[in-house]
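Here's the letter readout for the chains.
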Amino acid sequence: MILKYGIRDFSRNLGFNIFVIIQITLVFITCVFTSSSVSQNLKYYNAFADILDGEGYCASPYINKLHRIIPSTEIKDNKRFSDYGDYFENVVAVHQIIATGENGSENPYPQKTFAYDGCLIYDYKPIMDNGEWLSDVKSESNLLHAVISPNHYGLKVGDIIKQEFSTSQDSICLDVKIVGMMKDGAKLFGATSDNDKISTVGGTTNKLTAEMLFSNYYSDIAGKPAFVYNLDELEQYEISYITEQKMLIPFRDNLTEISQAEEALDNFTIGAIPFSQIKKNTLSEIRKQIIILISIIVGLFMLTIVSIISFTAISTHKKLKDYGILYICGGRWKQCAFINFIVIAVDLILSSFLTCFVIQAMKLIGLLNNTVVMFTLNESLICLGVSIIIILVSLIMPIIIIGKTQPREIIKSNE
Amino acid sequence: MVKLNEIVKIYNPKKANEFEALHGVSAEIKDGEMVAVIGKSGAGKSTLLHILACIDSYEGGEYYIDDTLVKKLSEKKYAQIRNEKIGMVMQDFALVEDFSAIENVMIPLNFAKNKVKDKKTKALEALKAVGMEELAKKPCNKLSGGQKQRVAIARAIVNNPSMILADEPTGALDTKTSAEIMELFHELNERGRTVIIVTHDPNVAEQCDRIIEISDGYIVDN
Ligand SMILES: Nc1ncnc2c1ncn2[C@@H]1O[C@H](COP(=O)(O)OP(=O)(O)OP(=O)(O)O)[C@@H](O)[C@H]1O
Ligand SMILES: [Mg+2]
């Protein structure tokens, strides 16, 4: 009965309810955007959270001074740079390998190679279109796994191609199985395709955040698709790799000779920025983002609340006569306040649908290619919280108005 | 049977605009009686009727319905009494305007404590009893005054209450329609229901078994 009355009431004030639904939808969408953009930012940070908590530097290989990049053959141990002393460990870096067609012929699949290991495989996963990320596949003998970006070669998940790779001695021909396809524009550590940020970071600026270590990779802009390999797999076949992008170089645990380590670092790197700085920058960036987005949400939310309060006040007044009628027929006075709840609940349900629809539509149109809007548990919980506040707010006016009025007054005022 | 014992009604008690509308009203109305309540405007007729209908409270005295003292009950209990024992016909019909006739008649069934089966059938029967079954689906804002009054009566009887209270049921109607409505009340009364009608119309009052006259909050004639 009350439910039916509520739904009737909804359609009676259709115009205003649509207005409220649009407002709530806007709030929901901003919440989803905020939450996913913050959690996205945290995702980049989380990939290195352990490392950034310790001592160490982010730096680029010193190319100009030595007029060379650092091939692994030269450095041997590029996870610890032990040539430069016993100071470093578990270096995080992107490596490149040289892949050609069979017998050194021109590669039918020109590619930008990314060889990752450690946290870049296990603590970070780019946005996938389909298939699996490298951390989710088991190694197979005589086969390399690769995750690639969209391409014009017609390569898709499940395909196996032959590639020849340079090794320290010679070269080796191996099957490469495509296990996953990233979304175009997925962010990759050490990508440079549209990476203005990281190049301006250079050696002097100290604004570097964890997110800036990643860049969107668009196959078309880069001119060729990305092929991401697992460095551990490559090492089994002694495939040579070179390191030319920014590296995160942590100091060994409990290292006491910090200044010696810093001097050593200076021998092969440029533009070293301490981890503590990156951590600080990242967290303050995230905080800034949260503050901006929260203010937008609060603004929108206030507007919504004001309109809901005035709407419910007006509509409750209009409905008081009907409530009087329900009261005469055996309804309880408090039940009548519940009618308003139903109207708002319908608003909220429709807003939720609209939100999902709008986000889905934006995804389909491609408006969200650059951002990662996700509708996960976090986002749902935030929207649920917002909904509860809206419901509470929507009940304030009816409860006040109905509470202040005696049913008899309404019944009499109509006589 | 209902019994009023020295009922005192004070509007806005302990406030500047305090007003005592009933000064100790006593009356007894037996089951199956048809009673008219008359009196000048402002005499306290509606006030009395609202107390009888459990819509309004009272400050002094006792009001019994079938030996239950109606005082300081829980809201739930009051609602149940209104729902089960009383059928109220208001002067302005008190219909939910954008509900259809049958939806209005179904309101008391929807609030019933025990789930009512065949609500539609019951509501249609009540509408048939007032000669409105053909207009059951029509929204109330498209009905005439007499038709609305019939729907209001159908709603008052649908839950089979023992007592039907009507505040100026013929006030807004022409003579012919008034007569038809009074005919309906007679029929209901013949079927054993207590009928209490507040009216200005001496014609209406004459048709009742008994007349209670109120003046300035006192019963002057019973
Ligand atoms: N809510 C109220 N507050 C204060 N006084 C009230 C209130 N309701 C009614 N009264 C007063 O109580 C008295 C009785 O009112 P009531 O409505 O019972 O009169 P009535 O006999 O039904 O009159 P009418 O024939 O005009 O309907 C009147 O003097 C009226 O002014
Ligand atoms: Mg009156």
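Values in this document were obtained by computation on a predicted structure and should not be read as measured data. Along each chain, residues carry numbers from 1 onward, in the same order as the chain's sequence is written. Here chains are named by letter from A upward and ligands by number from 1 upward, in the order in which they appear as written. Reporting in this predicted model follows two pLDDT cut-offs: at least 70 for local features of residues, and 80 or more for side-chain atom pairs to be given and counted; totals over whole chains, interfaces and linings ignore these cut-offs and use all residues. Excluding hydrogens and water, the side-chain values take into account all heavy atoms of the structure.

## Details of the site of ligand 1
- Taken together, 15 residues are adjacent to ligand 1, and Ser41, Gly42, Lys45, Ser46 and Thr47 of chain B come closest.
- Proximity is defined per residue: any heavy atom of the residue falling within 4 Å of a molecule or strand makes that residue near it. Mapping the residues adjacent to ligand 1 onto the chains of the assembly identifies chains A and B.
- Between an oxygen atom of ligand 1 and a main-chain N or O atom of Ala43 of chain B, the distance comes to 3.2 Å.
- Polar contacts here mean pairs of N or O atoms no more than 3.5 Å apart (in protein, one a potential hydrogen donor and the other a potential acceptor; neighbouring residues in sequence count only if both atoms are side-chain atoms). Here an oxygen atom of ligand 1 and a backbone polar atom of Gly44 of chain B are 2.9 Å apart.

## Section: the sheet that holds strand β3 (residues 34–39) of chain B
Residues and elements named next belong to chain B.
- Here, a strand pair is defined by DSSP locating no fewer than two bridges between the strands. Where helices and strands are cited, they refer to DSSP runs of H or I of at least four residues and of E of at least two residues respectively, numbered from the N terminus. Taken in spatial order, the six strands line up as β6-β7-β8-β3-β9-β10 in an open sheet, and their pairing is mixed. Two strands in the sheet have a free side with no partner beyond their single neighbour: β6 (86–89) and β10 (218–221). Across the sheet, the axes of successive neighbouring strands diverge by a mean angle of 25 degrees, strand direction being ignored.
- Examined bridge by bridge, strand β7 (residues 163–167) and strand β8 (residues 194–198) share five bridges and lie parallel to one another. Across the sheet, Ile164 pairs through a bridge with Val195, a residue of β8. In this analysis an axis means a line fitted to C-alpha atoms, helices contributing only their contacting stretch, and an angle means the value between N-to-C directions, from 0 to 180 degrees.

## Quick look at the sheet that holds strand β15 (residues 269–274) of chain A
Residue and element names in this part refer to chain A.
- If you walk across this open sheet you meet the three strands as β14-β1-β15, and the pairing is antiparallel. The sheet is open, and its two edges are formed by β14 (247–250) and β15, each paired on a single side. Averaged over neighbouring strand pairs, the angle between their axes works out to 30 degrees when direction is ignored.
- Pairing geometry for strand β1 (residues 56–61) and β14, over four bridges, is antiparallel. Within the sheet, the bridge partner assigned to Cys58 lies in β14 and is Leu248.
- Throughout, a contact is declared for two residues whenever any of their heavy atoms are within 4.5 Å. Strand contacts of helix α9 (residues 258–268): β1, β14 and β15, with the helix running at about 140 degrees to β15, the strand carrying the most contacts.

## Description of the pattern of salt bridges
- Any carboxyl oxygen of Asp or Glu within 4 Å of a side-chain nitrogen of Lys or Arg constitutes a salt bridge here. Evaluation of the coordinates by the stated rule reveals 21 salt bridges over all chains.
- In this structure, Lys319 of chain A engages Asp9 of chain A in a salt bridge whose closest nitrogen and oxygen atoms are separated by 2.6 Å. Of this pair, Lys319 of chain A sits in helix α10 (residues 275–328) while Asp9 of chain A sits in helix α1 (residues 2–12), and the two are 310 residues apart along the sequence. The two residues Lys319 of chain A and Asp9 of chain A agree in class, both being buried.
- The partner of Glu180 of chain B in a salt bridge is Lys176 of chain B, with the nearest N and O atoms 3.5 Å apart. Here Glu180 of chain B pairs with Lys176 of chain B, and both are found in helix α6 (residues 175–190), just four residues apart, close to one helical turn. Residue exposure (1.4 Å probe, protein chains only): buried if accessible area is under 20% of the type maximum, exposed if over 50%, otherwise partly exposed.

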